[in-house]
Amino acid sequence: MDELLGSTVVRTVNLGASHSWTLHRAVLADGREVFVKRAAGQGRVFQAEAAGLRWLAEAGGAPVPEVLAADDATLVLPWLDSRPPTAQVAEQFGRELAALHLHGAPAYGAPWVGFIAELPLDNTEDDDWPAFYARRRLVPFLRDLDPAGVRLVERVIDTIDELAGPAEPPSRIHGDLWSGNVLWSGGRGWLIDPAAHGGHRETDLAMLALFGAPHLDRIIAAYDEAAPLAPGWRGRVALHQLHPLLVHVTLYGGSYQQAVVRAARDTLRAF
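Residues numbered from 1 in each chain as written. Predicted model: local features only at pLDDT ≥ 70, side-chain atom pairs only at ≥ 80, totals over all residues. Heavy atoms only, no water.

Student: For this particular structure, what's the right way to read the sheet that holds strand β2 (residues 21–28)?
Tutor: The pairing of strands in a sheet comes from backbone hydrogen bonds and takes either a parallel or an antiparallel form. The antiparallel open sheet is built from 5 strands, whose spatial order is β1-β2-β3-β5-β4. Strand pairing shows two members of the sheet lacking a second neighbour, β1 (9–18) and β4 (69–70), which therefore form its edges. Where β2 lies against strand β3 (residues 33–38), 6 bridges are found, and the strand directions are antiparallel. Within β3, the position partnered with Thr 22 by the bridge is Arg 38. (Pairing = 2+ DSSP bridges. Helix = DSSP H or I, 4+ residues; strand = E, 2+ residues; numbered from the N terminus.)

Student: How should the packing of helix α7 (residues 201–210) against helix α9 (residues 237–252) be read in this particular structure?
Tutor: The packing of two helices is summarised by the inter-axis angle and the distance between the axes. Contact geometry of α7 with α9 gives a least axis separation of 8 Å together with a crossing angle of 75°. By the criterion of interaxial angle, the relationship of α7 to α9 is roughly perpendicular. Residues Glu 202, Thr 203, Ala 206, Met 207, Ala 209 and Leu 210 of α7 touch α9, and the partners they reach there are Val 237, His 240, Gln 241, Pro 244 and Leu 245. Considering only residue class, the contact of α7 with α9 consists of 7 nonpolar, 3 polar and 1 charged. (Axes fitted to C-alpha atoms, helices over the stretch in contact; angles between N-to-C directions. Parallel < 35°, antiparallel > 145°, perpendicular 65-115°, else oblique. Contact = heavy atoms within 4.5 Å. Nonpolar A, V, L, I, M, F, W, Y, C, P; charged D, E, K, R; others polar.)

Student: When you look at the packing of aromatic side chains in this model, what are you seeing that I'm missing?
Tutor: Each aromatic ring pair is characterised by the separation of its centres together with the angle its planes make. This structure, assessed with the given rule, holds 7 aromatic pairs. Ring centres of Phe 93 and Trp 184 lie 5.3 Å apart, and the angle between their planes is 70°; this geometry places the pair in the edge-to-face category. Taken together, the residues span a long stretch of sequence, with Phe 93 in helix α3 (residues 87–103) and Trp 184 in strand β9 (residues 182–185) at a distance of 91 residues. The class for Phe 93 is buried, based on a relative accessible area of 1%. A residue is classified by how much of its surface remains accessible, and Trp 184, at 10% relative accessible area, is buried. (Phe/Tyr/Trp six-rings, centres within 6.5 Å; stacked < 30°, edge-to-face > 60°. Buried < 20%, exposed > 50% of the residue type's maximum accessible area, 1.4 Å probe, protein only.)

What follows is the structure in structure tokens.
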């Protein structure tokens with residue numbers, strides 16, 4: 001890592017592990033504090049994360065940590081101290097997330113192989129969001145569902161053109177925006193650990209709601225004021241949550257099967 005950063009590491013604190021990599025806080029000889037991910041054989045994952053961070057940063061809006069270094073085994077970002085957000089900070093984040101989304105993307109997908117955690121994501125670009133979501137985000141993760149769950153999600157896929165709501169242009173989205181991937185620091189919400197791609201902006205908002213986010217109602221209200229959401233968006237939250245729930249089935253097993261079933265039923269019921 002010294003060679004990557006041009007400065008010697010003088011102190012390291014191990015922060016545990018996440019998925020298949022370890023996490024560290026390091027102090028460099030030049031005084032900088034950095035956050036480090038380390039793993040053997042994870043180059044495509046770290047390169048995808050670095051590409052996504054840089055791509056999101058190009059758009060402005062919600063802040064993104066600078067990629068200080070990345071190679072096949074290491075990703076290095078500035079260290080950011082965190083503290084819980086106030087309602088006002090959450091509102092600012094909602095406005096900045098809207099600005100990011102409104103910057104847009106060339107297509108649904110991205111010109112790099114994506115990952116969510118250590119799982120590959122097919123980012124083959126498409127100009128049709130319902131088709132992209134069905135083919136690239138739902139179908140590849142059906143393999144770990146039980147047959148009844150597969151049949152239910154397939155019903156969603158078969159009617160996705162009707163379920164998707166009004167057509168929207170591609171947004172530049174984080175792609176895995178559960179509350180743990182917003183780091184509250186310095187009075188702003190920073191985007192970390194992205195699965196960035198051109199997608200539907202409702203996806204990021206549905207992810208924020210999936211496991212709860214601080215002051216979520218204030219985030220949504222500020223977002224909607226800055227970039228009004230299409231009619232019926234609340235009825236589509238479950239549709240956008242299907243992909244991350246399927247990912248959780250693959251990562252963590254059958255305990256998430258019922259959550260997938262509920263989301264699929266809620267999606268069909270809303271329609």
